[in-house]
Amino acid sequence: MKAVILWFIVVLLMPKGNPPEIVTGYYAYADTDSVFVQGDSLVGQQNQDEFLQFINGNVRVNYGSTEITSDQAIRNVTRSQTSFTGNSVLIDQGDTLEADALDYNEDLEIGRAVGNVRLTDGEVVTTSPKGVYYVEERRVEFPEGLVLIDSLTTLVGDSGFYWTDTKIADMSGDVMMESEDARLFADSLLHYREHSISLAQGSVRYLRTTLNDSLWIAGERFEYNANDSLAIVEGDPIFINIEYDSLSVDTLIIRADMMHFQDRMNTSRLDATRNVRIWNSSLSATADSVAYQRLGHGSNEEIWLYGLPFVWMNQTQLSGDTMKVIIHDGNVDSLMIWGNAFVAEEDSLIQRINQVKGHTLVSRTMHDSVRVIIIGPNAEAIYFNADEEGLPDGAIEASSDEIRMMFEGDSLRTLSFSTDVKGIRHPQKSVTDDLKLEGLQWNVMQKPSKYQLLGDFVHWMQRWEN
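Residues numbered from 1 in each chain as written. Predicted model: local features only at pLDDT ≥ 70, side-chain atom pairs only at ≥ 80, totals over all residues. Heavy atoms only, no water.

Secondary structure summary: the protein chain contains three helices and 36 strands in total. The burial tally for the protein chain puts 47% of its 466 residues in the buried class. Put simply, the protein chain shows about 23,000 Å² of open surface, and 48% of that area lies on carbon and sulfur atoms. (Helix = DSSP H or I, 4+ residues; strand = E, 2+ residues; numbered from the N terminus. Buried < 20%, exposed > 50% of the residue type's maximum accessible area, 1.4 Å probe, protein only. Areas by Shrake-Rupley, 256 points an atom, 1.4 Å probe, with all protein chains shown as cover.)

This paragraph deals with the side chain of His426. Checked against the element boundaries, His426 lands in strand β36 (residues 422–426). In terms of polar contacts, His426 uses its side chain to reach the side chain of Glu397, at 2.9 Å. With residues near it in sequence (within four places) discarded, His426 still touches Gly394, Ala395, Glu397, Val431 and Leu435. (Polar contact = N/O pair within 3.5 Å; in protein donor to acceptor, adjacent residues only side chain to side chain. Contact = heavy atoms within 4.5 Å.)

The next thing to look at is a negative patch on the surface. Taken together, Asp158, Asp174, Asp187 and Glu220 make up a surface patch of like negative charges. Structurally, the position occupied by Asp174 is in strand β15 (residues 168–179). (Patch = residues over 30% accessible without salt bridge, like charges linked within 9 Å, V, L, I, M, F, W, Y side chains within 5 Å. Salt bridge = Lys/Arg side-chain N within 4 Å of Asp/Glu carboxyl O. Lys, Arg positive; Asp, Glu negative; His and termini not counted. Charge placed at Lys NZ, Arg CZ, Asp CG, Glu CD.)

Our next topic: unusual backbone geometry. Cis rather than trans, the peptide bond between Gly376 and Pro377 has omega equal to -5 degrees. You will see that Asn378, though not glycine, has its phi angle at about 55 degrees, which is positive. Looking at the element boundaries, Asn378 is found in the loop between β31 (370–376) and β32 (379–386). A residue is classified by how much of its surface remains accessible, and Asn378, at 63% relative accessible area, is exposed.

This part is about the packing of aromatic side chains. Within the structure shown, the criterion is met by 10 aromatic pairs. Consider the rings of Phe222 and Tyr224, whose centres lie 6.2 Å apart with planes at 40 degrees: the pair is tilted. No difference in accessibility class separates Phe222 from Tyr224, as the two residues are buried. Pairing Trp304 with Tyr306 gives two aromatic rings, centres 6.4 Å apart and planes at 10 degrees, and the pair type is stacked. Residue class for Tyr306 comes out partly exposed when judged on its relative accessible area of 33%. Sitting over the face of the ring of Tyr134, Arg139 holds its NZ or CZ atom 4.2 Å from the ring centroid. Above the face of the Phe407 ring, Arg371 is positioned so that its terminal group lies 4.9 Å from the ring centre. (Phe/Tyr/Trp six-rings, centres within 6.5 Å; stacked < 30°, edge-to-face > 60°. Lys NZ or Arg CZ within 6 Å of the ring centre and 35° of its normal.)

In a structure, side chains of opposite charge can pair up when their charged atoms sit close to one another. Scanning the model with the defined rule gives 19 salt bridges in all. A salt bridge links Arg79 to Glu50; the nearest nitrogen and oxygen atoms lie 2.5 Å apart. Highlighted residues: Arg79 in the loop between β6 (66–76) and β7 (81–92) and Glu50 in strand β5 (residues 50–63), separated in sequence by 29 residues. Here Arg193 ties to Asp150 by a salt bridge, and the two come within 2.9 Å at their closest N and O atoms. Of this pair, Arg193 sits in the loop between β16 (182–192) and β17 (197–209) while Asp150 sits in the loop between β12 (146–149) and β13 (154–157), placing them 43 residues apart in sequence. On the basis of relative accessibility, which here comes to 12%, the residue Arg193 falls in the buried class.

For the protein chain, mean pLDDT is 85; residues scoring 70 or higher make up 89% of the total. Within the model, pLDDT remains below 50 along residues 1–32, and this stretch shows 68 contacts once partners closer than five positions in the same chain are excluded. (pLDDT = per-residue confidence, 0-100.)

Here we come to the nonpolar core. By size, the foremost hydrophobic cluster in this structure holds 82 residues, and its most contacted members are Phe222, Phe239, Ile254, Ile278, Leu305 and Leu318. Among all residues touching Phe222, those that are not within four sequence positions of it are Leu184, Ser198, Leu199, Ala200, Val204, Tyr206, Ile217, Ala231, Ile232 and Val233. Judged by nonpolar contacts, the second largest core, of 10 residues, contains Trp216, Trp279, Leu453 and Leu454. (Core = buried A, V, L, I, M, F, W, Y, C linked by side-chain atoms within 4.5 Å.)

In structure tokens, the structure reads:
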């Protein structure tokens with residue numbers, strides 16, 4: 001048995017039976033570390049091979065740098081174990097752990113707290129029904145759920161750990177992180193408070209709402225830097241932005257293999273790479289990579305598409321090397337293509353595809369549903385005619401320095417040519433399936449739809465809105 005030193009010899013000499021009481025008693029335990037005990041009353045008792053100490057009222061016990069206070073305590077000197085009850089508080093190197101009751105192991109330097117557990121280090125407050133404090137590691141385990149609150153964020157989880165020296169929280173099981181107008185849900189979350197960096201994994205869902213819009217991002221892995229408002233999302237991520245007013249609701253959906261998203265006060269930017277698919281009420285698109293930017297309060301949006309992009313507006317398919325789409329109030333305001341611009345539009349009556357191509361393309365919405373497309377230079381076109389009864393009636397093949405097309409709704413109304421026009425009319429009997437411009441790719445079957453992109457996320461959206 002370790003050596004024991006008592007400042008009151010009477011404790012050593014007390015008889016068996018009911019132990020005497022010592023008012024304001026002090027007890028010191030000497031081996032490698034000293035223990036200081038203080039209370040309104042202190043009673044020592046030898047129980048077979050174990051020596052117990054009963055302390056009542058204003059209990060204070062010091063184990064080196066660790067101090068524990070409570071209303072009552074029973075200390076097993078032999079086992080180096082103390083049970084504290086009633087307003088138990090553990091203080092160590094700036095950390096304060098409060099609970100209804102606490103068991104402390106002196107050899108292992110572990111405190112087990114139960115009931116209304118509250119941990120604070122001066123900057124963060126964590127509450128839980130149960131906690132285990134590891135003094136040497138300055139680590140606290142919360143096996144039955146926790147709520148961590150600091151000046152910027154609130155974290156909630158079914159279980160987790162918190163390191164008070166490095167300010168790291170490791171949480172799992174229905175984790176939620178909330179800050180200002182944003183919430184993040186995940187199966188697990190590693191949060192570095194000092195650097196404002198979070199790593200969430202497993203069914204991650206991020207939701208931000210304002211008076212005029214709602215934004216969702218979901219995926220299997222989510223890295224977020226709050227200082228830069230920058231997020232990296234992997235694992236079949238999806239981006240959904242909904243803007244609404246009293247008259248309308250506009251929705252934009254983007255899916256890809258990876259996304260980088262930065263959300264600032266006046267500007268939001270999304271960079272999506274590999275297998276990118278886009279849908280909103282005005283267009284659908286596919287590309288190898290996309291840069292999306294929302295300006296102001298969301299009324300103006302820009303979409304840049306790279307790597308064999310395709311855009312569908314109604315029955316019109318557009319493609320090229322690089323594209324830029326400008327959306328205003330949810331509708332396509334203008335579209336530009338640089339390099340190998342190609343327009344293909346299906347005439348459903350005669351089941352033929354009208355085609356125009358050139359080096360560049362500019363498309364603008366004039367008013368209502370009227371759209372003008374200008375393509376050139378080195379523009380070429382093939383246009384299939386129909387007679388008064390809607391039957392095929394030959395085709396026109398022409399080239400020009402510039403070609404202008406005017407659409408009303410989803411129908412091509414006029415096709416006009418500028419300078420240096422050359423052309424030929426093919427009678428219907430000579431029109432074959434081989435009559436097409438070089439580079440034609442009719443990929444309408446790859447056109448993304450709203451419900452195809454949403455998939456199972458409709459269910460998640462309903463949960464988030466609730």
